[in-house]
Amino acid sequence: MKEVWTFGSVASLLGALAFFQSVLHSVLPHELRHVVAKFFQRIFNNFSAYCYFDITEIDGVSTNELYGAVQLYLSSSASVSASRLSLSRPVNSSNFTFGLSNNDRLVDSFAGITAIWEHVVTQRSSPSFSWRSLPDEKRSFTLRIRKKDKPLILPRYLDHIMEVAADIRRRNQDRLLYTNSRCGSMDARGYPWESVPFKHPSTFDTLAMDPIRKKDIIADLRKFAAGKSFYQKTGRAWKRGYLLYGPPGTGKSSMIAAMANFLGYDIYDLELTEVQTNSELRKLLMKTTSKSIIVIEDIDCSVSLTTRGSLPHPAANPPPHSMDDIFTSPASAAVSTKSVTLSGLLNFTDGLWSCCGSEKIFVFTTNHVEKLDPALLRSGRMDMHIHMSYCSFPALKILMWNYLGISEDELENGKENDKLIRELEAAVEAAEITPADVSEVLIKSRRYEKRKAMEELLKVLKSKAAGRRCGGAAGASLGSKEAEEEEEQEKRALDSPKEENSEDFAQICDKKQGKKTELEGQTLEKEE
């Protein structure tokens, strides 16, 4: 006989279950019920093939860093595989971040092992008293993997998530350009660096440089950025030094910007003239972050660095005649004045304090590498010396593509049949002109069509080459070497104290004006 479940029978069964539950709650204490539930849960876990890990957004009273890392890590996969996403844009970020929406799932793979992530969002029961205000919703990620895979991927999988999340966070955020505060002053947070957004557009594609040398630099940067395990294995600090040297206008600053854009690093532009002591220099280094480029431009002009062990010549400072002269004499001032020394700078680049943080790059620039102490140039401090030379024909092709839209294939294919291109190749090698000067000519020639712009550039190159052969170009104000010396003297005058600044700068201007007048007179005599 077939039995039919009616509404009354179902209601009776539910009532019996409710009565039985009330009896259990009244007879069995809470502790015993908890033990029984725990016992059945353990039996279920023993027969289950999976294990679960909960990663909550808030761990106690502090924010769980792993939760944010998982959210960023899954955003790269969620943007292509999930059907419903949450979209956000963090502060100081130039990109949007995708994430799993409430109670959604995502399947990930690591080392051939499948991991299932679920974003769990539940309503939080508001406590009667709390030291801090908590969000209304309780968010967490649940990781489910097979028990047999647990020792194979944990904790390597979590370390991988943290590394990928840090890389995504760094690349999404706007890069910053830092400079040290004047005389080591601190802001309200006790931070000695001031920052602005770094928006320099220079890249290795637009950098006017020999392509072969450029590929070597890119390969070296890639090996450094991916060399964490190598540096740990060899016991070396994860840092690298680059020395950029060459005449002014050869693209040293553009090279630094291209390195920062390629690696996604922040830049710390260290102004040594604002640093008073070696101790202050170490404090500045301690306040720099990992994955950054620390730059000291014009190291030979930034500060007077004497060689180690050098002392002032006694003949340069005559003996004082009174006690007042002792405290005001140049010798006592040189001894008592606190300043950055060469030893302090060497320890800054290669001492124990240089290991504060990891993945840092030190970049020094100079126009006169021969003036630097050899100890500053050795491997370990400056590992790679990069000569930024005058504009060559391969670099000229890059500049003509940047400013005129003439591709490298057009120049190479037309070199055999076009006399103008062959003349440009010969003239740029003979002119010894900087990429900055070539760029200025091309900017002025943008109003012309391509052929006319190339002809204008050729005129300038021939004029520079002729002036170089004659010892001075017609109409040029100064030769290249004299221009470098004048620029260096100007930098030193501007970096000197205010009472000396105006007098030195006026002498430089008078000297430059006198040389210009002399060259103009020689030019008129040649023309007559």
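Residues numbered from 1 in each chain as written. Predicted model: local features only at pLDDT ≥ 70, side-chain atom pairs only at ≥ 80, totals over all residues. Heavy atoms only, no water.

- For the protein chain, the name recorded in an unreviewed UniProt entry is 26S protease regulatory subunit 6A like, with Dendrobium catenatum as its organism.
- According to its UniProt record, the protein chain has this under Cofactor (unreviewed entry): "Mg(2+)".
- We quote the UniProt Sequence similarities (unreviewed entry) comment for the protein chain here in full: "Belongs to the AAA ATPase family. BCS1 subfamily." (UniProt positions renumbered as here; feature names shortened; annotations may be inferred.)

### Overview of the side chain of Lys360
Then, number 1: Locating Lys360 in the fold gives a position in strand S14 (residues 360–366).
Then, number 2: Buried Lys360, no salt bridge; nearest opposite-charge side chain is Glu359, N-O distance 11 Å.
Then, number 3: Of the polar contacts made by the side chain of Lys360, one reaches the side chain of Thr288; its length is 2.7 Å.
Then, number 4: Setting aside its immediate chain neighbours within four residues, Lys360 contacts Phe224, Trp238, Lys239, Arg240, Leu285, Thr288, Thr289, Ser290, Ser292 and Ile294. (Helix = DSSP H or I, 4+ residues; strand = E, 2+ residues; numbered from the N terminus. Buried < 20%, exposed > 50% of the residue type's maximum accessible area, 1.4 Å probe, protein only. Lys, Arg positive; Asp, Glu negative; His and termini not counted. Salt bridge = Lys/Arg side-chain N within 4 Å of Asp/Glu carboxyl O. Polar contact = N/O pair within 3.5 Å; in protein donor to acceptor, adjacent residues only side chain to side chain. Contact = heavy atoms within 4.5 Å.)

### Things to note about a nonpolar patch on the surface
Then, number 1: On the surface, a nonpolar cluster with roughly 360 Å² of combined accessible area is contributed by Val10, Leu13, Leu14 and Leu17.
Then, number 2: Its place among the elements puts Leu13 in helix H1 (residues 7–27).
Then, number 3: Taking relative accessible area as the criterion, Leu13 reaches 43% and is therefore assigned partly exposed. (Patch = residues over 30% accessible without salt bridge, like charges linked within 9 Å, V, L, I, M, F, W, Y side chains within 5 Å. Areas by Shrake-Rupley, 256 points an atom, 1.4 Å probe, with all protein chains shown as cover.)

### As for the packing of helix H9 (residues 278–286) against helix H13 (residues 342–350)
Then, number 1: Between H9 and H13, whose axes approach to 9 Å, the crossing angle comes to 15 degrees. Between H9 and H13, the interaxial angle falls into the category roughly parallel. The hand of the H9/H13 crossing is right-handed. Contact residues: H9 offers Asn278, Leu281 and Leu285, while H13 offers Gly344, Leu345 and Phe348.
Then, number 2: Partitioning the contact of H9 with H13 into residue classes produces four nonpolar, two polar and no charged. (Axes fitted to C-alpha atoms, helices over the stretch in contact; angles between N-to-C directions. Parallel < 35°, antiparallel > 145°, perpendicular 65-115°, else oblique. Left-handed = near helix turned anticlockwise from the far one by under 90°. Nonpolar A, V, L, I, M, F, W, Y, C, P; charged D, E, K, R; others polar.)

### Here's the deal with the nonpolar core
Then, number 1: One finds Phe204, Met255, Met259, Ile293, Ile361 and Val363 to be the most contacted residues of the largest nonpolar core, which totals 28 residues.
Then, number 2: Of all the secondary-structure elements, those providing two or more residues to this core are helix H6 (211–225), strand S11 (239–245), helix H8 (252–263), strand S13 (292–296), S14 and strand S15 (384–387).
Then, number 3: At seven residues, H8 tops the list of elements feeding residues into this core.
Then, number 4: If we skip the residues at most four places from it in the chain, Phe204 touches Lys214, Ile217, Ile218, Leu221, Met255, Ala258, Met259 and Phe262. (Core = buried A, V, L, I, M, F, W, Y, C linked by side-chain atoms within 4.5 Å.)

### Quick word on the sheet that holds S13
Then, number 1: The seven strands lie next to each other as S10-S9-S12-S13-S14-S11-S15, forming an open sheet whose pairing is mixed. Both outer strands of the open sheet, strand S10 (193–197) and S15, are each paired with one neighbouring strand and no more. With direction set aside, neighbouring strand axes in the sheet form an average angle of 20 degrees.
Then, number 2: Two elements, S13 and S14, share five bridges in a ladder whose sense is parallel. The residue of S14 that forms the bridge with Ser292 is Lys360. (Pairing = 2+ DSSP bridges.)

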